[in-house]
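Residues per chain, in single letters:
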Amino acid sequence: MRAFAEAMADAHSAAGIARFLKQHRLHVTQHPQRVAIPQSYWGDSEAGIEGETIHVRGDTPLHSFLHEACHAICAAAAARGAILRDAGGCDLEEAAVCYLQLCVADRIDPRGWRGLADDMDAWGYSFPDGSTAQWFSNNADDARRWLGQHGLGEWLLGGERSE
């Protein structure tokens, strides 16, 4: 599983993460190892969310950082500042968050969306189709529509996905 520190050590990924954060007016606060991550829903090394700030450690999985960042992006503007630990939202918004994190990964992670999908499966994400990649490729139309309807269509992958 690719960690946040590993991604930041890669120039391409670090630049992509910086652009992504700036574009959406998000901030990241990196905490020392073995320190509890503030506002982490799952605890341990998992990212935390507090308004427009994503809390991580070097060992935070990249998928966890992206998931919380995408929750902030998908939140209604008026609600974003009030997010504390749990972004809430309906099941469709959660699917959109998962879809968006894969689209973002395709732009910032040299492994592409498939590498992040593998990490998500290893962590325990579950989709009706089985694997994250199967869901993303075959059954995520509702998530794509939700993102398009909420002004996030620029992040959607076109008909071609990197292999």
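Residues numbered from 1 in each chain as written. Predicted model: local features only at pLDDT ≥ 70, side-chain atom pairs only at ≥ 80, totals over all residues. Heavy atoms only, no water.

1. Observations concerning the overall build of the protein
- Summing up its helical and strand segments, the protein has eight helices and three strands in all.
- When the helices and strands of the protein are listed from N to C terminus, the series reads α-α-β-β-β-α-α-α-α-α-α.
- Against the 2.2 N^0.38 benchmark of 15 Å for 163 residues, the protein shows a C-alpha radius of gyration of 15 Å, consistent with a compact globule.
- Looking at the protein as a whole, 50% of its 163 residues qualify as buried.
- In the protein, the proportion of contacts linking residues at least 24 apart, taken out of those at least 6 apart, comes to 62%.
- Here the protein displays about 7,700 Å² of accessible surface, and carbon together with sulfur accounts for 49% of that area.
- Taking the 14 positively charged and 23 negatively charged side chains of the protein as two groups, their mean positions are separated by 5 Å. (Helix = DSSP H or I, 4+ residues; strand = E, 2+ residues; numbered from the N terminus. Rg over C-alpha atoms; globule rule 2.2 N^0.38 Å. Buried < 20%, exposed > 50% of the residue type's maximum accessible area, 1.4 Å probe, protein only. Contact = heavy atoms within 4.5 Å. Areas by Shrake-Rupley, 256 points an atom, 1.4 Å probe, with all protein chains shown as cover. Lys, Arg positive; Asp, Glu negative; His and termini not counted. Charge placed at Lys NZ, Arg CZ, Asp CG, Glu CD.)

2. Things to note about the side chain of His 31
- Here His 31 shows up in strand E1 (residues 27-31).
- For His 31, a relative accessible area of 17% gives the class buried.
- Among the polar contacts made by the side chain of His 31, one reaches the side chain of His 55 at a distance of 2.8 Å.
- In contact with His 31, not counting residues within four places along its chain, are Pro 38, His 55, Val 56, Arg 57 and Gly 58. (Polar contact = N/O pair within 3.5 Å; in protein donor to acceptor, adjacent residues only side chain to side chain.)

3. Here's the deal with the nonpolar core
- If you look at the biggest cluster of nonpolar residues, it comprises 46 residues, and the most contacted ones within it are Phe 65, Leu 66, Leu 100 and Trp 135.
- Breaking this core down by element, the ones donating at least two residues are helix H1 (4-9), helix H2 (11-23), strand E3 (53-57), helix H3 (62-74), helix H5 (91-108), helix H6 (112-123), helix H7 (132-138) and helix H8 (141-149).
- Leu 66 has contacts with Phe 20, Gln 101, Val 104, Ala 105, Ile 108 and Leu 116, leaving out every residue within four places of it along the chain. (Core = buried A, V, L, I, M, F, W, Y, C linked by side-chain atoms within 4.5 Å.)

4. Considerations on a nonpolar patch on the surface
- A contiguous nonpolar surface patch, about 460 Å² in accessible area, is contributed by Met 1, Tyr 41, Trp 42 and Trp 123.
- Among the secondary structure elements, Met 1 is positioned in the segment before H1. (Patch = residues over 30% accessible without salt bridge, like charges linked within 9 Å, V, L, I, M, F, W, Y side chains within 5 Å. Salt bridge = Lys/Arg side-chain N within 4 Å of Asp/Glu carboxyl O.)

5. Section: the environment of Glu 50
- Checked against the element boundaries, Glu 50 lands in strand E2 (residues 48-50).
- Exposure remark for Glu 50: the relative accessible area of 36% places this residue in the partly exposed category.
- Each C-alpha atom, one on Glu 50 and one on Arg 85, is 6.2 Å from the other, the two residues being 35 residues apart in sequence.
- Glu 50 has contacts with Gln 39, His 55, Ile 83 and Leu 84, leaving out every residue within four places of it along the chain.

6. Structural notes on the packing of aromatic side chains
- Tallied over the entire structure, the rule returns eight aromatic pairs.
- Ring centres of Trp 113 and Phe 136 lie 4.4 Å apart, and the angle between their planes is 45°; on these two criteria the pair is classed as tilted. With Trp 113 in helix H6 and Phe 136 in helix H7, this pair connects stretches of sequence that are 23 residues apart.
- Feature note: the residues Tyr 99, Trp 113, Phe 127, Trp 135 and Phe 136 constitute an aromatic cluster, connected by ring pairs. (Phe/Tyr/Trp six-rings, centres within 6.5 Å; stacked < 30°, edge-to-face > 60°.)

7. What about the pattern of salt bridges?
- Under the criterion given, the structure shown has seven salt bridges.
- The closest approach of N and O atoms between Glu 52 and Arg 80, which form a salt bridge, is 3.7 Å. Highlighted residues: Glu 52 in the loop between E2 and E3 and Arg 80 in helix H4 (residues 77-80), separated in sequence by 28 residues.
- On the basis of relative accessible area, Glu 52 is assigned to the partly exposed category, the value being 33%.
- One salt bridge connects Arg 57 with Asp 59, and the closest N-O pair in it is separated by 2.9 Å.
- Overall, the relative accessible area of 7% leaves Arg 57 in the buried class.
- Each member of the salt-bridge network shares a partner with another, and the members are Arg 2, Glu 6, Asp 109, Arg 111 and Asp 119.

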